[in-house]
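Summary of structural features
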Amino acid sequence: MKHLICFLALFLISGVGSFDLVIDEIPDEVENLIDLETDGFPSNPKMRNGRYQRSTSDWGYVGDLVEDDDKIGLYSYKVQSTITSRLANTMIQAKMVNNAKRPQHIVFDVQVPKGAFIDNFTMDVNGITFTSQIREKSEARKMYAQAKAKGKAAGIVRSNALDMENFKTEVNVPPGTRIQFELHYHEMIRRKLSSYEHIVSVKPGRLAKHMEVDVRIIEPQGLRYVHVPNSLGDHFDGITTISKGEKKAHVSFKPTMAQQRKCPTCSSTAVDGNFVVQYDVNRETTGGELEIFNGYFIHFFAPENLDPLPKNILFVIDVSGSMWGLKMKQTIEAMKAILSELRAADQFSLIDFNHNVRCWRDNLVSATPSQVEEAKKYIQAIHPNGGTNINEALLRATFILNEAQNLGMLDPNSVSMIVLVSDGDPTVGELKLTTIQKNVKQSIKDEFSLFCLGIGFDVDYDFLQRIATDNRGMAQRIFGNQETSAQMKNFYNQVSTPLLKKIQFNYPQESVSDVTQSSFHNYFGGSEIVVAGKVDTENLQHLESIVTATAANAELVMETLRDVEELDGFMKKDRYADPEFTRKLWAYLTVNQMLAERNTAPTAALKRNITKSILQMSLDHHIVTPFTAMLIENAEKDEIMLADQPKDPRRGCCPGTLGLTPNAPNNNKGIPPWANITAVPVSFMPEQRSPPVSSLSINRVDNDPHFIIHLPKSQRNICFNINSEPGKILNLVSDPGTGVVVNGQIVGAKRTENKKLNTYFGKIGFYFKKKGLKVEITTETITLKDGSYSITLTWADTGHIIRKQMLISVKRENNVTITVGEEMSFMVLLHRVWKHHPVNVDFLGIYIPPENQFSPEAHGLIGQFASEPEVSIHHQSPGQPPEKPQAIMEVKGNKLTVTRGLQKDYRTDRVAGTEVQCWFVHNSGKGFIDGHYRDYLVPHLYSFLKKP
């Protein structure tokens with residue numbers, strides 16, 4: 001199978017998150033194979049001579065498959081999970097067949113919970129099997145590079161860690177091909193709000209002849225209850241079956257093909273969501289449960305029936321401009337509910353911040369009904385605006401807590417915490433995240449905890465995790481939607497009931513080793529603390545643990561004693577139980593602990609040592625971490641794929657390595673520097689030149705649509721508006737010399753306002769003729785086209801696509817940048833409005849730096865200014881109103897009356913924008929642009945402008 005080339009993409013969503021999808025150029029020798037647009041399987045499977053095939057007879061009869069228009073049939077879709085003492089092993093398998101008469105892509109796209117360890121992936125194509133192995137990252141990349149140099153590499157996979165990961169495999173196969181995908185991962189299920197919740201994503205994408213979700217639970221402690229909420233919708237009422245015993249349970253979901261249909265005559269599936277299983281276990285001892293098996297011990301600790309400790313809590317709320325709208329409304333709703341749940345023994349206060357920091361009260365106050373009502377009124381009156389000064393807000397919060405402790409105002413048995421709610425990175429005050437982290441660490445006392453809620457995807461969630469972990473807390477991402485309020489209240493409920501503080505786990509040193517974290521700051525009701533380690537079962541009959549902690553009314557000492565062979569008989573009798581569960585849980589806890597320690601390591605040397613330990617653990621336990629990669633090979637080892645995960649989730653995978661061409665930009669978000677500007681205040685002065693080139697030297701078309709042309713030589717901004725009709729397509733750049741076209745299609749508002757219909761750009765097309773690439777950007781999707789091949793992303797994604805030395809970088813719900821080598825780049829900005837707004841619609845803005853290397857032949861509404869015209873502005877006079885002076889502008893042999901005013905650059909603030917001074921040319925730019933604006937109308941999204 002000499003020319004087998006496919007590609008994989010392992011990427012994240014958040015509610016769906018970020019990804020890097022790398023698409024390599026087509027090797028010359030493959031171009032003519034079966035007329036495939038992208039590399040795929042050769043049409044003759046006999047090239048393998050039948051070797052390394054495995055039987056596909058278990059498929060049985062594959063007729064009667066329901067196919068979409070693409071003629072791809074899904075024979076079976078299985079999800080199998082086995083939970084052994086909170087350790088969930090999950091397998092997702094799909095069997096598909098290409099019944100079309102042409103080669104096409106078959107996609108295996110599944111969601112994996114964040115924090116789960118992927119440990120195996122196999123793919124079987126007409127009996128040819130690909131299996132996986134874990135290697136050190138640089139070694140794996142070297143092997144991949146060697147295979148790629150020989151034309152035998154199948155792509156590169158990269159991932160960014162958000163709240164869910166998408167593992168996506170896409171293979172181009174000839175007609176009649178049967179293909180089976182199988183992914184394995186494991187995770188520890190954590191207890192929240194008195195329940196374990198196992199979530200598996202079930203999104204087959206089409207009707208399956210055989211559909212099955214099978215979950216088995218084995219809990220030696222005994223099961224208190226098992227519940228399966230109707231998370232997939234009322235459509236599937238009564239289909240799920242639950243069989244529960246004392247220590248085991250079996251959950252089965254097997255909808256028939258008829259039951260899967262959205263409607264009796266529909267060919268689309270209603271199975272699209274998460275399948276959720278909730279349960280809890282019995283607890284007999286306050287000291288927790290010790291489970292010992294195969295040389296490891298796991299200590300589960302979740303005491304109940306304890307009085308809550310009083311808490312001192314400071315809510316620090318971001319009220320900057322980016323919180324405007326639904327985010328702020330939902331935050332206010334959540335905060336009012338949270339304030340109502342404060343106990344009489346609690347003390348609290350509120351801090352809200354934008355570029356300034358305000359305190360509702362300068363000190364902590366008791367949570368009396370009157371104080372709570374006053375706080376609610378204060379919250380209700382908040383109006384978001386301005387920048388984000390996280391550093392000053394957190395330092396003010398720590399000062400209030402420190403002052404209260406110094407004055408003896410805090411109960412010695414109370415728990416003190418700060419809860420930060422923010423949706424963005426700092427823009428005011430201290431901007432360096434490492435400095436903010438250091439400042440907070442130095443000012444916060446060891447008794448205090450910091451919890452962080454990051455709303456949406458503009459916030460640096462990794463920073464919030466680091467600063468929270470560094471200060472005895474935790475972070476959680478909150479999705480900025482209609483569920484924001486519920487998510488915030490859910491998070492608060494997890495930390496609202498502190499039951500213990502200063503918890504210490506002790507074991508006999510001579511009998512145990514390699515114990516995971518054994519000292520904890522707090523224990524909250526409804527959660528669980530888990531400690532694991534190795535134990536010498538050969539020379540030990542019993543293992544004893546002693547847990548000490550501070551409760552509301554006492555210092556507690558809790559002892560537990562367990563026979564080291566107590567579980568042996570139970571485990572050996574159950575054929576579904578994982579005999580490696582103790583080892584896997586210990587490794588899971590150890591690797592995650594080391595990753596957290598590495599993030600907060602104070603020295604480079606310590607960080608290097610921790611990295612070595614993580615790498616060795618990853619190799620020993622066959623798991624993909626930020627320091628390993630998964631190689632996927634066929635049995636002959638002459639076809640190879642690489643599943644990779646970056647060290648820095650916000651930066652993608654290792655700039656400059658395989659897959660990024662030498663001419664691709666190398667920056668932390670895949671976005672050119674001009675797209676990451678700092679807002680510059682603007683003040684009017686007579687004939688003031690434009691602000692510094694580094695900040696505002698950009699050509700842009702945004703809003704209704706307003707054109708701003710920057711003239712670098714004269715350092716002026718010239719503005720004009722174009723009022724065209726919905727559906728019309730305007731040419732922005734037409735450059736036959738470089739073969740580049742940029743066109744924008746007009747979309748109208750929902751109705752007229754003041755007898756005028758506002759218009760915007762609803763679709764923008766880019767055509768790079770010499771590369772044969774087209775990019776279509778709408779308010780819903782971003783599509784790359786290369787001949788008959790295409791790939792579509794949505795604005796819910798974050799990541800990169802690379803093809804033929806062109807980089808497309810998508811920032812979730814924000815912008816797309818297109819970078820072509822070092823020659824040119826473009827940015828398209830997304831503007832979202834409330835979907836039920838009676839007038840406004842979603843629209844796009846486009847930003848083009850004047851440094852783009854267009855040819856002298858470039859034209860178009862923007863392209864014509866690649867060759868800057870001579871502009872003279874004189875005879876300024878006061879205007880009506882006076883702050884908008886008028887002047888005479890001479891350009892291209894024309895004398896025009898222009899008006900000084902302001903337009904908006906929305907790169908730094910998509911809501912309010914940054915004000916930009918410009919001279920405004922009336923009458924749709926007449927006299928400044930060549931000809932009339934109607935001369936720039938083109939028939940199609942990728943049409944070049946016809947020469948006059």
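Residues numbered from 1 in each chain as written. Predicted model: local features only at pLDDT ≥ 70, side-chain atom pairs only at ≥ 80, totals over all residues. Heavy atoms only, no water.

**With respect to the pairing of strand E32 (residues 555-563)**
This is how it is decided: Paired strands, as defined in this entry, are two strands with at least two bridges between them according to DSSP. Helix and strand definitions follow DSSP, with helices as H or I runs of at least four residues and strands as E runs of at least two, each counted in order from the N terminus.
Strand direction decides the pairing type here: strand E31 (residues 542-550) and E32, joined by 9 bridges, are antiparallel. Each bridged residue has a counterpart across the sheet, and for serine 545 the counterpart in E32 is threonine 560.

**So, the pattern of salt bridges**
Worth spelling out the cut-off: Salt bridge, as used here: a side-chain nitrogen of Lys or Arg that lies within 4 Å of a carboxyl oxygen of Asp or Glu. Burial classes follow relative accessibility: with a 1.4 Å probe on protein chains only, a residue under 20% of its type's maximum area counts as buried, one over 50% as exposed, and anything between as partly exposed.
Within this structure, the stated rule accounts for 27 salt bridges. We note a salt bridge from lysine 248 to aspartate 574, for which the minimum N-O separation is 2.7 Å. Remark: aspartate 574 occurs in the loop between helix H9 (568-573) and helix H10 (581-599) and lysine 248 occurs in strand E16 (residues 248-253); sequence separation between them is 326 residues. Using a relative accessible area of 36% as the deciding quantity, one classes lysine 248 as partly exposed. Among the ionic pairs, arginine 583 bridges to glutamate 580, the shortest N-O distance being 2.6 Å. Judged by relative accessible area, arginine 583 falls into the partly exposed class, the value being 22%. The class of glutamate 580 is partly exposed, set by a relative accessible area of 31%.

**Some words on the side chain of serine 201**
Counted only if it meets this: Throughout, a residue-residue contact means that at least one pair of heavy atoms, one from each residue, lies within 4.5 Å.
With respect to the helices, strands and loops of the structure, serine 201 is situated in strand E12 (residues 195-202). The residues touching serine 201, leaving out its near neighbours within four places in the chain, are Tyr77, Val79, Gln111, Gly273 and Asn274.

**Regarding the side chain of threonine 90**
The cut-off we apply is this: Polar contacts, as counted here, are pairs of nitrogen or oxygen atoms within 3.5 Å of one another; within protein the pair requires one atom able to donate a hydrogen and one able to accept it, and residues that are adjacent in sequence qualify only if both atoms are side-chain atoms.
Along the polypeptide, threonine 90 turns up in strand E4 (residues 87-98). Among the polar contacts listed, one links the side chain of threonine 90 to the side chain of serine 81, at a separation of 2.7 Å.

**Details of the packing of helix H6 (residues 433-443) against helix H7 (residues 461-469)**
We apply this condition: Here the axes come from fitting lines to C-alpha atoms, over the contacting stretch only for helices, and the angles between their N-to-C directions go from 0 to 180 degrees. Here the word oblique covers every angle except those under 35 degrees (roughly parallel), over 145 (roughly antiparallel) and from 65 to 115 (roughly perpendicular). Left-handed describes a crossing whose near helix is turned anticlockwise from the far helix through less than a right angle; right-handed describes the clockwise counterpart.
At a closest axis distance of 10 Å, the pairing of H6 and H7 adopts a crossing angle of 20 degrees. It follows from the interaxial angle that H6 and H7 lie roughly parallel. Classified by chirality, the crossing of H7 by H6 is right-handed. Between H6 and H7, the contacting residues are Leu433, Ile436, Gln437 and Val440 on the first element and Phe463, Arg466 and Ile467 on the second.

**Structural notes on the environment of glutamate 559**
Inspection of the secondary structure assignment puts glutamate 559 in strand E32. In this structure glutamate 559 comes out as exposed when scored by relative accessible area, which is 55%. Those residues within four positions of glutamate 559 in sequence are excluded, and the remaining contacts are Glu544, Ser545 and Ile546.

**Let's talk about the state of the cysteines**
Quick reminder of the rule: The definition used for a disulfide is geometric: two cysteine sulfur atoms within 2.5 Å.
For the structure on display, the rule yields 2 disulfides. Here cysteine 719 engages in a disulfide with cysteine 918; their sulfurs sit 1.9 Å apart. Note on the cysteine 719 and cysteine 918 pair: the S-S dihedral is about -135 degrees, so by sign convention the disulfide is left-handed. Separated by 199 residues along the polypeptide, cysteine 719 in strand E37 (residues 716-721) and cysteine 918 in strand E52 (residues 914-921) bring together distant segments of the chain. Accessibility assignment for this pair places cysteine 719 and cysteine 918 in one class, buried.

**Structural notes on the packing of aromatic side chains**
Each pair of aromatic rings is reported with the distance of its centres and the angle of its planes. Defined as follows: Side-chain rings of Phe, Tyr and Trp, where Trp is taken by its six-membered ring, are said to pair if the distance between their centres is within 6.5 Å; with planes under 30 degrees apart they count as stacked, over 60 as edge-to-face, and otherwise as tilted.
All chains considered together, the criterion is met by 27 aromatic pairs. A centroid spacing of 5.3 Å and a plane angle of 25 degrees characterise the contact between phenylalanine 348 and tryptophan 360, whose relative ring orientation is stacked. Of this pair, phenylalanine 348 sits in strand E21 (residues 347-353) while tryptophan 360 sits in the loop between strand E22 (357-359) and strand E23 (365-366), and the two are 12 residues apart along the sequence. Residue phenylalanine 348 is classed as buried on the basis of its relative accessible area, which comes to 0%.

**Looking at the sheet that holds strand E19 (residues 296-301)**
Reading across the sheet, the 4 strands line up as E18-E19-E30-E28 and stay open at both edges, with antiparallel pairing between neighbours. Only two strands of the sheet have a single neighbouring strand rather than two, namely strand E18 (289-293) and strand E28 (512-513). In the sheet, E19 pairs with strand E30 (residues 529-535) via 6 bridges, with the strands oriented antiparallel. When the bridges of E30 are listed, histidine 299 appears paired with valine 531.

**Considering unusual backbone geometry**
Even without a glycine there, the phi angle at lysine 502 is positive, about 55 degrees. Relative to the helices and strands, lysine 502 is located in strand E27 (residues 498-506). A relative accessible area of 54% means that lysine 502 is categorised as exposed. A positive phi angle, near 50 degrees, is found at lysine 892, a position not held by glycine. On the basis of relative accessibility, which here comes to 34%, the residue lysine 892 falls in the partly exposed class.

**Structural notes on the sheet that holds E32**
The strand order across the open sheet formed by 4 strands is E29-E27-E31-E32, and the pairing between neighbours is antiparallel. Among the strands making up the open sheet, the edge pair consists of strand E29 (519-524) and E32. Strand-to-strand twist of the sheet, defined as the mean angle between neighbouring strand axes without regard to direction, takes the value 30 degrees.

**Examining the confidence of the model for the protein**
Rule in force here: Think of pLDDT as the predictor's per-residue confidence, scored from 0 to 100.
Averaged over the protein, the pLDDT score is 82; the fraction of residues at 70 or greater is 84%. Long-range and interchain partners of residues 646-671, a stretch whose pLDDT sits below 50, account for 63 contacts in this model, where long-range means more than four residues apart.

**Description of the nonpolar core**
It is characteristic of soluble globular proteins that their nonpolar side chains tend to be buried jointly. Formally: The definition of a nonpolar core used throughout is a set of buried Ala, Val, Leu, Ile, Met, Phe, Trp, Tyr and Cys residues joined through side-chain atoms within 4.5 Å.
Of all hydrophobic cores here, the largest spans 60 residues; its most connected members are Phe766, Ile818 and Phe928. Grouped together as the second largest cluster of nonpolar side chains are 55 residues, Ala94, Met123, Phe275 and Val624 included.

**Things to note about the pairing of strand E17 (residues 273-281)**
If a strand is regular, its side chains alternate between the two faces of the sheet. With 8 of 9 residues buried, E17 is to be regarded as a mostly interior element. The pairing of E12 with E17 spans 7 bridges and is antiparallel. The residue of E17 that forms the bridge with serine 201 is asparagine 274. Here strand E14 (residues 223-227) runs beside E17; their pairing, made up of 4 bridges, is antiparallel. In the strand pairing of E17, valine 226 is matched with tyrosine 279.

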